[in-house]
Amino acid sequence: MQEIQFIAPVALHDEMLRLRNEKQMDFLESLTGMDWGAADEKDTPEKLRGLGVVYHLESTVTGERIAVKTATTNRELPEIPSVSDIWKIADFYEREVFDYYGITFIGHPDMRRLYLRNDWIGYPMRKDNDPEKDNPLCMTNEETFDTTREIELNPDGTIKDKETKLFGEEEYVVNIGPQHPATHGVMRFRVSLEGEIIRKIDANCGYIHRGIEKMNESLTYPQTLALTDRLDYLGAHQNRHALCMCIEKAMGVEVSERVQYIRTIMDELQRIDSHLLFFSALAMDLGALTAFFYGFRDREKILDIFEETCGRLIMNYNTIGGVQADLHPNFVKRVKEFIPYMRGIIHEYHDIFTGNVIAQSRMKGVGVLSREDAISFGCTGGTGRASGWACDVRKRIPYGVYDKVDFKEIIYTEGDCFARYLVRMDEIMESLNIIEQLIDNIPEGPYQEKMKPIIRVPEGSYYAAVEGSRGEFGVFLESQGDKMPYRLHYRATGLPLVAAIDTICRGAKIADLIAIGGTLDYVVPDIDR
C-alpha cells in the first residue's frame, strides 16, 4: 500500500512549491481527482471525506518519489489551489478534474471542461451524481466557447472571477480535426494563424470519450481488464500488464517467473508493432506512400505471431495472476525467425525515408521541445527521451524481467521531430535485443496462479506503471476492500503530449503541425478514455 501525505488546501500551493524547489520534484507523474464522500457521524477521526486530489511526484534528479493528497468538504463550491504555475501539465490535469468533479482550481488560467460537452449538466465522477438523469442523448452540435474563466485569490482572501478571450476578433482561426487523417483520431485543434505561422493552438479533447474510469467503479476487478485494451490499442499488452501488476501488488500475489518472461516478451513485441505503425503513419502524413507499405508489411508478421496465442489488436491476454493461455507451440520458433528478418530489413526504412531529403527537411529542427518542458509537461516515452530526458520506466522502476536483460535507453538531445523519429527507430532494434535475450530462456512453470472466484483488493491506495509504447502508462487504484474498485484512474501516455502541442508548435508553420503530431505519436482513445 502506498503512503500518501495529506496537505490541507490552504497550505497546498506553498508546500508544493517547496517540494518543487527544495526536494527537486520536477515531474508531476499523475494527478487524480477523488470523491471520498460526504461526512458521516459514524466516521473515525482519521477518515478522509470530501472532494479532492491525489498527486504523484518524482524528482528526475534524485529519483525520489512521493504522493500527497488534499480535500475540501465543501461540496457546493469546492475550491483547491492550482499548481499549474509549478508544473505545466497541471493545466490539463486540473481541467480534467474540474470536468469530472466540479473542483475549481484557484489561480488556474483556463477553467473550461476538457472532455465533456460545454452544456453537460453535473459532474459525472461524483459518487452522488447520476449522469443519465440530467443528460439525455443530445444530437445537436455544442456551441464552441471563445472565453474562459480564471478564479483569482485576492490578498484579503476574497475570490475574483476573471474572464479571458481565447481568440480575438482579429485572429484567423482554422479547425484541424476532428475529422482529419493527420490528427490520428478524433482530435480537434483550433489553430490561430498569421499567414502560415501558428500563433496559438487550442486542443479540444473528448470526441471519443467513453467514461471508462466511471465504468470501472461498477465492474469487478476481472471485468475491468477488458477495457484497458481499448485505451491505447497499440499498447494493449502493456496497459493490461500495468493494471494486473497494480492489482497483484495490492493483493500480495506473486506470479510465476514464466509469466514474467511471457509478459516482458509480449510487451516488447507490442512496442515493435506500435513503432512500425508509427513509422507508417508518419510516412503517410508526409507523403511517403511506399514507406507506409513497408511498415504494414512487417507489422503483419508480429500480428500473425500474436494471433496464434492471444489476438491481433484487442489481446485480452494478461489476467490477474498470470495470462489467459500458455504460449502457442509455434511462438518461440516464429519469434526467433522474426528477429533476424527485422534486423536484416530495417535498412530499407532508412534507405527510403530516413535519408530522404524531403523527410529530413520536414523534421530536422522542427517542433523542438526542451528537456525542461518535456519534464514539466510529463512528456515521457520517445518524446521525452528525444529531448534528453532519461525517463524509461523499465530503467527507473524495473518490473517484469527487465532487471535481467541488458539494454540501452535510447536518448537524443535535439528534441525535434527527427530526434523523436530516430528514438523509435532505434527502440525497434533495442526491443529485438531484449526479446533475443529472453526467448530461449523462458522457464517452465504455471501460466496462471490459482485465484479466488471473487477478487477483493485490501483497503488502501496503490500505484503501478509500465513503459508503454508512447511513455509511462500508470494505474492508480483506491480500494475500500470491495469486489469493485472505489477509484481506478489511468495515467494516459498521450494527454501530456497533446498538452504540450501548443508550446511546441508556436512559431512553426501550419504544415509543421502534421510532422509534429506524427512524431509525438499520441493515440486519441488513450487520451479521452
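What counts and what doesn't
- Residues numbered from 1 in each chain as written.
- Predicted model: local features only at pLDDT ≥ 70, side-chain atom pairs only at ≥ 80, totals over all residues.
- Heavy atoms only, no water.
- Helix = DSSP H or I, 4+ residues; strand = E, 2+ residues; numbered from the N terminus.
- Rg over C-alpha atoms; globule rule 2.2 N^0.38 Å.
- Contact = heavy atoms within 4.5 Å.
- Areas by Shrake-Rupley, 256 points an atom, 1.4 Å probe, with all protein chains shown as cover.
- 1 Å grid on protein atoms, 1.4 Å probe; cavity = no way out; pocket = protein on both sides within 12 Å on 5 of 7 lines; lining within 4 Å.
- Points joined across faces, edges and corners; volume = space filled by probe spheres on them.
- Nonpolar A, V, L, I, M, F, W, Y, C, P; charged D, E, K, R; others polar.
- Buried < 20%, exposed > 50% of the residue type's maximum accessible area, 1.4 Å probe, protein only.
- Polar contact = N/O pair within 3.5 Å; in protein donor to acceptor, adjacent residues only side chain to side chain.
- Core = buried A, V, L, I, M, F, W, Y, C linked by side-chain atoms within 4.5 Å.
- Pairing = 2+ DSSP bridges.
- Axes fitted to C-alpha atoms, helices over the stretch in contact; angles between N-to-C directions.

Engineer: Would you take a moment to explain the overall build of the protein for this structure?
Structural biologist: Assigned secondary structure in the protein consists of 18 helices and 16 strands. A globule of 529 residues ought to have a C-alpha radius of gyration of about 24 Å, and the protein, at 23 Å, matches this closely. In terms of overall dimensions, the protein has C-alpha extents of about 70 × 65 × 50 Å along its principal axes. Long-range contacts, defined here as pairs at least 24 residues apart, represent 69% of the contacts in the protein between residues at least 6 apart. Accessible surface, the protein: about 21300 Å² in total, of which carbon and sulfur atoms supply 51%.

Engineer: What's the story with the layout of surface pockets in this structure? I'm lost.
Structural biologist: Over the atoms a probe the size of a water molecule is rolled, and this reveals where empty space is left. One number sums up the size of the largest pocket: a volume of about 760 Å³. Along the lines of polarity and charge, the residues of the lining of the largest pocket split into 13 nonpolar, 8 polar and 12 charged.

Engineer: What is the right way to read unusual backbone geometry from this model?
Structural biologist: In terms of backbone geometry, most residues other than glycine have negative phi values and most peptide bonds are trans. Of note in the backbone geometry, Asn316 takes a positive phi value of approximately 50° without being a glycine. In this fold, Asn316 is placed in the loop between α8 (289-309) and β12 (318-319). Residue Asp521 is not a glycine yet carries a positive backbone phi of 65°. If you trace the backbone, Asp521 turns up in the loop between α17 (510-520) and α18 (524-528). Its relative accessible area of 6% is what places Asp521 among the buried residues.

Engineer: Please clarify how the side chain of Arg487 should be interpreted in this entry.
Structural biologist: Examined against the element boundaries, Arg487 turns out to sit in strand β16 (residues 487-491). Among the polar contacts listed, one links the side chain of Arg487 to the side chain of Tyr101, at a separation of 2.8 Å. Here Arg487 is in contact with Thr32, Gly33, Met34, Tyr101, Met125, Glu213, Glu217, Phe476, Leu477 and Glu478, once residues within four sequence places are set aside.

Engineer: Is there a simple way to explain the nonpolar core in this structure?
Structural biologist: Nonpolar side chains in soluble globular proteins generally cluster together in the buried interior. Counting 156 residues, the largest nonpolar core has Met16, Tyr55, Phe189, Phe353, Tyr421 and Tyr522 as the members making the most contacts within it. It is helix α7 (residues 257-285) that provides the largest number of residues to this core, a total of 12 residues. If we ignore the near neighbours within four places in the chain, the residues touching Phe353 are Phe279, Leu282, Ala283, Leu286, Ala288, Ala291, Ala359, Met363 and Tyr421.

Engineer: Teacher, can you tell me more about the sheet that holds β16 here?
Structural biologist: Backbone-to-backbone hydrogen bonds join strands into a sheet, with any given pair of strands oriented parallel or antiparallel. Spatially, β14-β15-β16 is the arrangement adopted by the 3 strands of the open sheet, whose pairing is antiparallel. Two strands lie at the open edges of the sheet, namely β14 (460-467) and β16, each paired on one side alone. Pairs of neighbouring strands in the sheet enclose a mean axial angle of 15°, with direction left out of account. Running over the sheet, helix α6 (residues 236-251) touches β14, β15 (472-479) and β16 and is turned about 145° from β14.

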